Amino acid sequence: MLRTRTRRYFQNKLRYLGSFHWRAMLRKASLRRLFQAIHAVVEWKLHRTRCSSRPFAFRIEPAATCNLRCPLCSTSYRKFYPGDVRVMTFDLFRTILEKIRKHAWRITFYMEGEPMMNPRLFEMIELSTRDRHLFTSFSTNLTLMREKLLSPLFQSRIDRISVSLDGFRQATYEKYRVNGRVQDVLDGIVMIMGRKKRNRLRYPYMEANMIDFFHISAEERNDLKEFCAAHEVDEFRVRPEQFGLMGRYDATIVRKPPSKCHWPWISMSIDCDGSVYPCPIAFEQRISYGNLATSSFEEVWNGELYVTTRGYLSRKAEAYEGLPKLPCYDCRWYGKRPPATDQIAIRKQWLQAARSGSEQKPQSA
């Protein structure tokens, strides 16, 4: 079992898209997909605004809701209105897959919600993995894992599963994973790794992630490591606590020039209703660049917003006049202009207000 400590996430670097599983992605690559990826990177470096290349990394939101209420997760605060789609239908996924299949090298079935809230998640993955050169993964709290889901999970041929496991004891776990039962997570890991071992399978690669909250004692960290080792979990990863859940939050981020942003050339995020976003910042701000349920891939990929965004990111000087609203203006990863919003700080205000019983709701951007 690998034991890995991650110091910080670098979402403003290209290696973020394959930092944890690049070896597995390379094993599944075809020459055509490698060429497509190189083509996309070249057009990014050349700052092409209308691209003949296509993105190779896709993120799909199977479900926009979650069964837990983690205090700083955006899903806990997302508001839904009548008519809003919360779970992607299988028919819509099939439509989207047909439009992205020949471009995709990697599909992550996760954006912010809990993917296992979608009852047809594993059917979606199985439909994707019929292409043996397509790498698939998802992140989950795994609290919904049950024995009846084992066969669909393994039949889907998912490549990688990332499990959030922030505590070994219930009292510790529920401090952040509100409404969750840690025993459900542990049982799910035992079930998956047990079948994998009995059938001598290499996949799915199982990664257990612990956020390094200070309320998790050293003894409990060791218990998690020993549990994962005993059940032959492939990797136990300790991730940094960058949110200041129980203490000070440091919003300082080393920002890069806009010209360093790769997202509108390399990746595409697709919400459960088919809405398209070029990056996580756009998804957070709900600035949609089109919809694959009603438009062709070309109409979205080289549509007005994508072309305008690539043009803006290619400018040497930051100028906003005459441009539509873009997520780039308030991006916390790139640019000289300070972000107008800090979503983590806003959520901390909500959390503190709830704990104090304050009736005054903090202002949200």
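As a reminder, the structure under discussion sits directly above these lines.
What you see as residue numbers is a count from 1 along each chain, following the sequence as written. Local features in a predicted model are, by the rule used here, given only for residues with pLDDT of at least 70; side-chain atom pairs are given and counted only at 80 or more, and totals for whole chains, interfaces and linings are based on all residues. The side-chain values count all of the structure's non-hydrogen atoms but skip hydrogen atoms and water molecules.

Of regular secondary structure, the protein chain possesses 13 helices and 9 strands. Exposed residues in this analysis have more than 50% of their type's maximum accessible area, buried residues have under 20%, and partly exposed residues fall in between, with area computed by a 1.4 Å probe over protein chains only. Of all 365 residues assigned to the protein chain, the portion counted as buried reaches 53%. Runs of H or I in DSSP of at least four residues are treated as helices and runs of E of at least two as strands, each being numbered from the N terminus.

We now examine helix α8 (residues 218-230). Take the number of residues in a helix, subtract one, and multiply by 1.5 Å to get its expected span. In this model α8 runs 18 Å from its N-terminal to its C-terminal C-alpha over 13 residues, within 8% of the 18 Å that 1.5 Å per residue would give. Residues E220, R221, D223, L224, F227 and C228 constitute the buried set of α8. All buried residues of α8 project into a common sector of 155° when viewed along the axis, lining one side. Summarising the geometry of α8, the exposed residues directed more than 90 degrees from the buried face are E219, E226 and A230. Packing partners of the buried residues in α8 comprise α6 (170-176), α7 (182-198), β6 (205-211) and β7 (235-239). Each direction from the helix axis to a C-beta atom contributes to the arc, which is the arc of those directions. Between two residues, a contact is recorded if the distance between any of their heavy atoms is within 4.5 Å.

For this analysis, a salt bridge means a side-chain nitrogen from Lys or Arg found within 4 Å of a carboxyl oxygen belonging to Asp or Glu. A complete count under the given rule lists 24 salt bridges for this structure. Notably, a salt bridge pairs D91 with R94, separated by 2.7 Å at the nearest N-O pair. Placement of both D91 and R94 in helix α3 (residues 90-100) is noted, with a separation of 3 residues, approximately one turn of the helix. On the basis of relative accessible area, D91 is assigned to the partly exposed category, the value being 49%. Residue classification places R94 among the partly exposed positions, given a relative accessible area of 39%. Note that R160 and E207 form a salt bridge whose closest N and O atoms lie 2.5 Å from each other. In this pair, R160 sits in strand β5 (residues 160-164) while E207 sits in strand β6, placing the two residues 47 residues apart along the sequence. Of the two residues examined, R160 and E207, each falls in the buried class. In the salt-bridge network here, residues are joined through shared partners; they are R160, E207, E235, R237 and R239.

Here we take up a nonpolar patch on the surface. On the surface, a cluster of nonpolar side chains totalling about 270 Å² of accessible area is made up of I38, V42 and L46. Secondary-structure assignment places I38 in helix α2 (residues 31-45). Assessed through its relative accessible area of 55%, I38 is described here as exposed. Residues form patches when they are more than 30% accessible in relative terms and have no salt bridge. Like charges link within 9 Å. Nonpolar side chains (Val, Leu, Ile, Met, Phe, Trp, Tyr) link within 5 Å. All accessibility values rest on the Shrake-Rupley procedure with a 1.4 Å probe; residue burial counts only the protein chains present in the view.

Moving on, we get to empty space enclosed by the protein. As defined here, a cavity is a set of points on a 1 Å grid over the protein atoms alone where a 1.4 Å probe fits but cannot get out. A pocket is an open set with protein on both sides within 12 Å along at least five of seven lines, and residues line them when an atom is within 4 Å of a point. Grid points are joined across faces, edges and corners, and a volume is the space filled by probe spheres set on the points. Going through the model one piece at a time under the given rule, you end up with 1 cavity of 30 Å³ or more. Space inside the largest cavity adds up to approximately 160 Å³. Taken together, 22 residues line the largest cavity, and the ones lying closest to its centre are C261, L313, C328, C331 and Y334. Secondary-structure elements contributing two or more residues to the lining of the largest cavity are α9 (263-266) and α12 (304-314). The dominant element in the lining of the largest cavity, judged by the number of residues it contributes, is α12, at 3 residues. The residue makeup of the lining of the largest cavity, split by class, is 17 nonpolar, 2 polar and 3 charged. Residue classes follow a fixed rule: Ala, Val, Leu, Ile, Met, Phe, Trp, Tyr, Cys and Pro count as nonpolar, while Asp, Glu, Lys and Arg count as charged, and any other residue, Gly among them, counts as polar.

Side-chain rings of Phe, Tyr and Trp (the six-membered ring for Trp) are treated as a pair once their centres are within 6.5 Å; stacked means planes under 30 degrees apart, edge-to-face means over 60, and tilted covers the remaining angles. Applying the stated criterion to the full structure yields 12 aromatic pairs. Ring geometry for F56 versus W105: centroids 5.9 Å apart, planes at 45°, classification tilted. Here the residue F56 occupies a position in the loop between α2 and β2 (57-60), and W105 occupies one in the loop between α3 and β3 (106-108), the gap between them amounting to 49 residues. Of the two residues examined, F56 and W105, each falls in the buried class. The rings of F58, Y289, F297, W301 and Y306 are connected pair by pair, giving a single aromatic cluster. When the ring centre of W44 is taken as origin, the NZ or CZ atom of K45, which lies over that ring, is 4.3 Å away. Charge-over-ring contacts are defined here by two conditions on Lys NZ or Arg CZ: a distance within 6 Å of the ring centre and an angle within 35 degrees of the ring normal. Of note, R310 hangs over the ring of W301, and the distance from its end group to the ring centre comes to 4.4 Å.

So far we have only geometry, and geometry alone does not tell us how the molecule works.
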